Amino acid sequence: MPPSGALAFPKLKLELLEESSPSEPGFLRLIRRKYRLHYPDGTASDPFLYDTVDRKAIDAVVIVAHFLDDSGARRVFLRSAFRPAIMSRDPAHSPLPHESADGALWELPAGLIEVSERSPEGAARAAQRELHEELGFDVPLTTLRTLGPSMFPVPGFIAERQFFFEVSVDPRARREPPLDGSALERFGVVVDLSLAEALDLCRSGALEDSKTELALRRLEERYR
């Protein structure tokens, strides 16, 4: 396991082959609507356009797998995630004078809730599946516990709702994760570190994924 604060992200290189706007919707669908707002005083806004993004599987699960080590410290599993959208940020447009956005994020395992899983039990099955695919743990469905209420992470442009789960695991039972076939998941790295160390990385800005920080803080509150 890499030491805290020096997580070794896999060496990946992203090559741009083509940039275009597809005529047919793909994984995401851009929706442009015209609205008018009516106010309590009887007035109304001018008509305005508002763009949102939709997808077939709109909601997602986030899972914290954790265990107690020999010293009694709670440890959590993170996975490297390569995000092209982050890498494509233009530092010249950032309020941070020395921003470094290379697409490398450390995250908790997460994934989409499929259309057939649109129920509380289905969300738990999605969490069970993602835990297996991304970390290599096979756990009974009954061991997964909800971790607080669901949340809207980016309501300004997508109606995705994230559902949070936690599960206690035996680190010796972890196997090589089978992944889901995505090119971005290949050569991903799984690490475990103490919950305290992970939260320190959040405070320092070394761990920048918001859903991961939220779930870790909820876990800390639960087991405080």
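Described below are features of the structure shown in this document. What you see is a predicted model; the values in this text were computed from it and never measured.

1. A few points about the overall build of the protein chain
Along the protein chain, the regular secondary structure elements total four helices and nine strands. For the protein chain, the α and β elements follow one another from N to C terminus as β-β-β-β-α-β-β-α-β-β-β-α-α. The principal-axis extent of the C-alpha atoms belonging to the protein chain is close to 65 × 40 × 35 Å. Per-residue burial over the protein chain gives 36% buried out of 224 residues. Look at the contacts in the protein chain between residues 6 or more apart in sequence, and 65% of them connect residues 24 or more apart.

2. Some points on the pairing of strand E9 (residues 190-194)
Remember that side chains alternate between the two faces of the sheet whenever the strand is regular. For E9, the tally of buried residues reaches five of five residues, placing the bulk of the element in the interior. Where strand E4 (residues 74-82) and E9 come together, five bridges link them in antiparallel fashion. Within E9, the position partnered with Phe 77 by the bridge is Asp 192.

3. A few points about the nonpolar core
Counting 21 residues, the largest nonpolar core has Val 64, Val 76, Leu 78, Leu 108, Ala 215 and Leu 216 as its most contacted members. The element that contributes the greatest number of residues to this core is helix H3 (residues 195-204), accounting for five residues. Contacts of Leu 108, omitting those with residues within four sequence positions, involve Val 62, Ile 63, Val 64, Phe 77, Leu 78, Lys 211, Thr 212, Ala 215 and Leu 216. Counting 19 residues, the second largest nonpolar core, distinct from the first, contains Ile 63, Ala 127, Phe 137 and Val 139.

4. Some thoughts on helix H2 (residues 120-135)
If you check H2, its first and last C-alpha atoms are 22 Å apart, about what 16 residues at 1.5 Å a residue would give, namely 22 Å. Along H2, the positions that sit buried rather than exposed are Gly 122, Ala 123, Ala 124, Ala 126, Ala 127, Glu 130, Leu 131, Glu 133, Glu 134 and Leu 135. Buried residues along H2 sit against strand E3 (60-68), E4, strand E6 (110-112), strand E8 (162-168) and E9.

5. Some remarks on the environment of Glu 19
Along the chain, Glu 19 turns up in the segment before strand E1 (29-35). Judged by relative accessible area, which is 70%, Glu 19 ranks as exposed. Between the C-alpha atoms of Glu 19 and Glu 134, which are 115 residues apart in sequence, the distance is 29 Å.

6. Considering H3
Burial in H3 covers these residues: Leu 195, Ala 198, Leu 199, Leu 201 and Cys 202. Considered in projection along H3, the buried side chains sweep an arc of 150° and stay on one side of the axis. Every exposed residue of H3 that faces more than 90 degrees away from the buried side is listed here: Arg 203 and Ser 204. Those residues of H3 hidden inside the fold are in contact with E4, E9 and helix H4 (210-222). Following H3 by one or two positions, Gly 205 has its phi on the positive side, about 90°.

7. Digging into the side chain of Thr 52
With respect to the secondary-structure elements, Thr 52 resides in strand E2 (residues 48-54). For Thr 52, a relative accessible area of 19% puts it in the buried group. Thr 52 has contacts with Arg 29, Leu 30, Ile 31, Arg 33 and Phe 157, leaving out every residue within four places of it along the chain.

8. A closer look at the packing of aromatic side chains
By the definition in use, this model includes five aromatic pairs. Arranged with centres 6.0 Å apart and planes meeting at 40°, the rings of Tyr 35 and Phe 48 form a pair that is tilted. With Tyr 35 in strand E1 and Phe 48 in strand E2, this pair connects stretches of sequence that are 13 residues apart. Using a relative accessible area of 35% as the deciding quantity, one classes Tyr 35 as partly exposed.

9. Notes on the layout of surface pockets
In this structure, the largest pocket encloses a volume near 1400 Å³. Considering the residues around the largest pocket, the lining is formed by 41 residues, among which Arg 55, Arg 83, Glu 107, Glu 160 and Lys 211 are closest to the centre. Within the lining of the largest pocket, the residues separate by chemical class into 21 nonpolar, five polar and 15 charged. In this model, the second largest pocket occupies a volume close to 460 Å³. Contributing to the lining of the second largest pocket are 16 residues, with Ser 100, Ala 101, Ala 104, Leu 105 and Glu 208 lying nearest its centre. Considering each element in turn, the lining of the second largest pocket owes the most residues, three residues, to strand E5 (residues 104-107).

Parameters and conventions
- Residues numbered from 1 in each chain as written.
- Predicted model: local features only at pLDDT ≥ 70, side-chain atom pairs only at ≥ 80, totals over all residues.
- Heavy atoms only, no water.
- Helix = DSSP H or I, 4+ residues; strand = E, 2+ residues; numbered from the N terminus.
- Buried < 20%, exposed > 50% of the residue type's maximum accessible area, 1.4 Å probe, protein only.
- Contact = heavy atoms within 4.5 Å.
- Pairing = 2+ DSSP bridges.
- Core = buried A, V, L, I, M, F, W, Y, C linked by side-chain atoms within 4.5 Å.
- Expected span 1.5 Å × (residues − 1).
- Arc of directions from axis to C-beta.
- Phe/Tyr/Trp six-rings, centres within 6.5 Å; stacked < 30°, edge-to-face > 60°.
- 1 Å grid on protein atoms, 1.4 Å probe; cavity = no way out; pocket = protein on both sides within 12 Å on 5 of 7 lines; lining within 4 Å.
- Points joined across faces, edges and corners; volume = space filled by probe spheres on them.
- Nonpolar A, V, L, I, M, F, W, Y, C, P; charged D, E, K, R; others polar.

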